[in-house]
Amino acid sequence: MTVNAELHAGGNTWRSLPAAQQPDWPDQEALRDVIAELESYPPLVFAGECDQLRHRLGAVARGEAFLLQGGDCAEAFDAVGADQIRNKLKTLLQMGAVLTYAGSVPVVKVGRIAGQYSKPRSKPTETRDGVTLPTYRGDSVNGFAFTPEARTPDPQRLKRMYNASASTLNLVRAFTTGGYADLRQVHAWNQDFVKSSPSGQRYEALAREIDRAMNFMNACGVDPEEFKTVEFFSSHEALVLDYESALTRVDSRTGDLYDVSGHMVWIGERTRQLDGAHIEFASKIRNPIGVKLGPTTTPEDALTLIERLDPEREPGRLTFITRMGADKIRDKLPTLVEKVTASGAQVVWISDPMHGNTFEAASGHKTRRFDDVLDEVKGFFEVHKSLGTHPGGIHVELTGDDVTECVGGGDEIFVDDLHQRYETACDPRLNRSQSLDLAFLVAEMYRD
Ligand code: PEP
Ligand code: MN
């Protein structure tokens with residue numbers, strides 16, 4: 001079989017199944033041209049890097065590492081400037097350093113970045129002042145502006161998604177390997193946060209401990225290569241299957257299929273139907289796969305997902321991202337974890353404390369309370385502690401900028417502040433200080 005025939009045999013089996021949340025492209029011929037063009041583009045990531053991430057996640061599954069996954073709810077084509085990318089990365093690296101110290105285990109760092117352009121929506125249309133238009137489905141599909149032109153799905157946007165992902169990844173690779181991400185530098189940023197922000201002062205003791213550890217190593221003359229660069233991976237929701245399968249290639253080393261649009265891809269809460277196209281697509285690729293599990297997930301669903309996506313029971317292959325809500329996590333998680341553990345599967349369990357805790361403020365802003373986010377993570381840790389399983393990590397929506405989208409936090413944002421810098425194209429993100437707050441508080445939990 002030629003490479004292309006293999007690809008079309010394996011990478012396109014999803015086409016005969018129902019695919020939820022796909023754009024209603026008005027021009028199928030234009031879509032076919034775009035797919036053909038995307039198929040000719042070079043990979044954004046290498047298969048070997050995806051394998052490396054799967055190995056790292058294997059360590060998480062065995063309880064020997066922690067996963068930090070975070071970034072925007074939706075990336076936007078007009079927000080790929082160097083400052084925004086750098087601030088996001090800086091925030092994730094700072095969180096990673098705190099968690100590494102507190103947990104005394106490696107922290108696997110994965111961005112919701114360089115590909116997070118497509119959004120599942122709860123309603124297909126939106127009505128304002130009597131006008132009804134298609135809902136915004138992410139920059140890969142249509143525009144955010146409430147006009148018929150912007151809201152009409154345009155497949156040319158899939159090429160912009162590829163280009164925006166490529167330039168973002170290029171900058172991420174430069175920042176993480178070019179000296180900017182040196183651990184001593186990251187530690188200095190954390191010290192700055194602790195010194196200069198009112199919320200940071202609560203973490204002075206932990207920051208001082210880290211400082212002493214750094215000074216000790218320095219005094220011993222330790223200057224390892226590992227301090228100078230950072231391993232950082234990209235991830236996004238594999239939602240628009242025409243895009244994902246156009247970026248799926250046969251690995252020349254092994255003959256296996258990889259979705260080379262990102263290192264890890266996940267299937268969302270709205271597209272994880274067991275007999276649907278998304279799970280079928282994910283079952284054919286070798287990338288590490290995440291699946292979001294909301295409060296309606298039954299243990300049978302979880303076990304079938306394992307059968308479909310991780311039949312070999314390979315630690316690191318499958319990550320379950322639970323997003324139950326702070327009020328449900330302590331109820332819903334224990335049975336799932338128990339049944340999965342009893343089945344012999346070694347999945348990674350991580351907590352997405354954002355998506356089960358969204359509400360609309362009186363001002364009309366979609367928001368989340370920092371305390372609910374924290375409480376869901378706490379519940380997640382409690383459940384794993386009581387079952388003797390590993391709370392493998394967190395999956396958060398954040399930005400490195402000082403936005404006002406979630407309420408609460410040490411430098412408290414009030415409902416009345418939300419309008420000041422509400423910039424998200426989709427869900428509310430933790431801002432820089434709320435993200436660092438969360439990292440220090442999770443670090444304290446990890447040590448308890
Ligand atoms: C998301 O991660 O932005 C998202 C839509 O999550 P979920 O599928 O869990 O609702
Ligand atoms: Mn979201």
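Residues numbered from 1 in each chain as written. Chains lettered and ligands numbered in written order. Predicted model: local features only at pLDDT ≥ 70, side-chain atom pairs only at ≥ 80, totals over all residues.

An unreviewed UniProt entry lists the protein chain under the name Phospho-2-dehydro-3-deoxyheptonate aldolase, with Streptomyces syringium as the source organism. Under the heading Catalytic activity (unreviewed entry), UniProt records this for the protein chain: "D-erythrose 4-phosphate + phosphoenolpyruvate + H2O = 7-phospho-2-dehydro-3-deoxy-D-arabino-heptonate + phosphate". Quoted verbatim from the Sequence similarities (unreviewed entry) heading of the UniProt record, the comment on the protein chain is "Belongs to the class-II DAHP synthase family." (UniProt positions renumbered as here; feature names shortened; annotations may be inferred.)

K.L.:
A description of the nonpolar core should follow, citing residues and the corresponding values.
P.N.:
Residues Leu-67, Val-98, Leu-99, Val-347 and Ala-439 are the most contacted members of the largest nonpolar core, which totals 112 residues. Looking at which element gives the most residues to this core, the answer is helix 4 (residues 82–103), with 10 residues. When near neighbours in sequence (up to four residues on either side) are disregarded, Val-98 contacts Asn-190, Ala-439, Phe-440 and Ala-443. (Core = buried A, V, L, I, M, F, W, Y, C linked by C-beta atoms within 7 Å. Buried ≥ 20, exposed ≤ 12 C-beta atoms within 10 Å, placed from the backbone. Helix = DSSP H or I, 4+ residues; strand = E, 2+ residues; numbered from the N terminus. Contact = placed C-beta atoms within 7 Å.)

K.L.:
Quick rundown of helix 11 (residues 299–309)? Include the residues and the values.
P.N.:
The complete set of buried residues in helix 11 reads Ala-302, Leu-305 and Ile-306. Taken around the axis of helix 11, the buried residues stretch over an arc of 100 degrees, which confines them to a single face. Opposite the buried face of helix 11, by more than 90 degrees, sit the exposed residues Glu-300 and Glu-307. Turning to helix 11, the residues buried within the fold contact strand 9 (289–293), strand 10 (318–322) and helix 12 (329–342). (Arc of directions from axis to C-beta.)

K.L.:
Lay out the confidence of the model for the protein chain in plain terms, naming residues and giving numbers.
P.N.:
Keep in mind that low pLDDT regions are not for reading the predicted coordinates in detail. Summing up the model confidence of the protein chain, the mean pLDDT is 95 and the portion of residues at 70 or higher is 98%. This complex was scored by the predictor with a pTM of 0.97 and an ipTM of 0.99. (pLDDT = per-residue confidence, 0-100.)

K.L.:
Before we move on, can you summarise the site of ligand 1 with the specific residues and values?
P.N.:
Neighbouring ligand 1 are Cys-73, Pro-120, Gly-268, Glu-269, Arg-270, Lys-292, Arg-323, His-355 and Asp-427. Counted by class, the shell around ligand 1 contains two nonpolar, two polar and five charged residues. (Near = placed C-beta within 6 Å. Nonpolar A, V, L, I, M, F, W, Y, C, P; charged D, E, K, R; others polar.)

K.L.:
Describe the environment of Met-214, with residues and values.
P.N.:
Mapping Met-214 onto the fold places it in helix 8 (residues 204–219). Sequence separation between Met-214 and Leu-183 is 31 residues, and the spatial gap between their C-alpha atoms is 9.3 Å. Residues within four places of Met-214 in sequence aside, it is in contact with Arg-184 and His-187.

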